[in-house]
Amino acid sequence: MRANGQSAGAKVSVLLAIFEFPMLIAGYRSIIDGELDLHVVGAVPEREALIDTIGRVHPDVVVIECQPFTTPGSGTFEGIEQIRQSAPSVRILALECR
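1. A short note on the sheet that holds strand β1 (residues 12-17)
The strands making up a sheet associate through hydrogen bonds between their backbones, and the pairing can be parallel or antiparallel.
And then number 1: Strands sit in the order β2-β1-β3-β4 across an open sheet of four strands; the sheet is parallel. Only two strands of the sheet have a single neighbouring strand rather than two, namely β2 (38-43) and β4 (91-94). The mean angle between the axes of side-by-side strands here comes to 25°, regardless of whether they run parallel or antiparallel.
And then number 2: Relative to β2, β1 is paired through five bridges, and the arrangement is parallel. The partner of Val14 across the bridge, within β2, is Val40.

Shown next, in the form of structure tokens:
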């Protein structure tokens, strides 16, 4: 068993929460799925679908984009808090934005 409770042969499931950047989604999916112990279980098409998608696919990790503070309606921190509240065992990787 791994430290997170997964068996040794199980892959870590990754959900991509990257909005408005299909090339990034394709790139991350290719890299992650190329690893023996990782697997992309889906990509969230829009921020409003994030929590429903997490509940449906039960990822181990969510990779979420960090929108700049100057972006109107930027909800990065709100999204992270929603993930923490709805799925506290999910690990979160927030991408830096500049």
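2. Quick look at the nonpolar core
Side chains of a nonpolar character, in soluble globular proteins, are inclined to be buried together.
And then number 1: Among the nonpolar cores identified, the biggest contains 13 residues, and Ala17, Val44, Leu50, Ile54, Val62, Ile64 and Ile83 are the most heavily contacted of them.
And then number 2: Listing elements by their share of this core, those giving two or more residues are β1, α2 (50-57), β3 (61-64) and α3 (76-86).
And then number 3: Core analysis: the second largest hydrophobic core is formed by ten residues, Leu16, Ile25, Ile32 and Val63 among them.

3. Things to note about the confidence of the model for the chain
And then number 1: In this model, the chain carries a mean pLDDT of 84, and residues with pLDDT of at least 70 account for 81%.
And then number 2: Within the chain, β2 carries the highest mean pLDDT (97), whereas α3 carries the lowest (86).

4. Things to note about the pattern of salt bridges
And then number 1: Under the definition given, this model contains one salt bridge.
And then number 2: The shortest N-O distance in the salt bridge between Glu81 and Arg84 comes to 2.9 Å. Separated by three residues within a single helix, Glu81 and Arg84 lie in helix α3, roughly one turn from each other.

5. Quick word on the environment of Pro59
And then number 1: Relative to the assigned elements, Pro59 resides in the loop between α2 and β3.
And then number 2: When its relative accessible area of 5% is taken as the criterion, Pro59 is described as buried.
And then number 3: Taking the C-alpha atoms as reference points, Pro59 and Ser13, separated by 46 residues in sequence, lie 5.0 Å from one another.
And then number 4: Apart from residues no more than four positions distant in its own chain, Pro59 is found in contact with Ser13, Val14, Leu15, Val41, Ile54 and Val90.

Analysis parameters
- Every chain is numbered on its own, with residues counted from 1 as its sequence reads.
- Owing to the predicted nature of the model, reporting of local features is limited to residues with pLDDT of at least 70; listing and counting of side-chain atom pairs is limited to 80 or more, with chain, interface and lining totals taken over all residues.
- To get the side-chain values, take all heavy atoms of the structure and skip hydrogens and water.
- Any two strands with at least two DSSP-identified bridges between them are counted as paired.
- In DSSP terms, a helix is any run of H or I states spanning at least four residues, a strand is any run of E spanning at least two, and both are numbered starting from the N terminus.
- Between N-to-C directions, angles span 0 to 180 degrees; the directions come from axes that are lines fitted to C-alpha atoms, helices contributing only their stretch in contact.
- Only buried Ala, Val, Leu, Ile, Met, Phe, Trp, Tyr and Cys residues count toward a nonpolar core, and they belong to the same one when joined by side-chain atoms within 4.5 Å.
- Three labels apply to residues, based on accessible area from a 1.4 Å probe with only protein chains included: buried if under 20% of the type maximum, exposed if over 50%, partly exposed otherwise in between.
- Confidence of the predictor at the level of single residues is given by pLDDT, which spans 0 to 100.
- Salt bridge, as used here: a side-chain nitrogen of Lys or Arg that lies within 4 Å of a carboxyl oxygen of Asp or Glu.
- The contact rule is simple, with two residues in contact once any of their heavy atoms fall within 4.5 Å.

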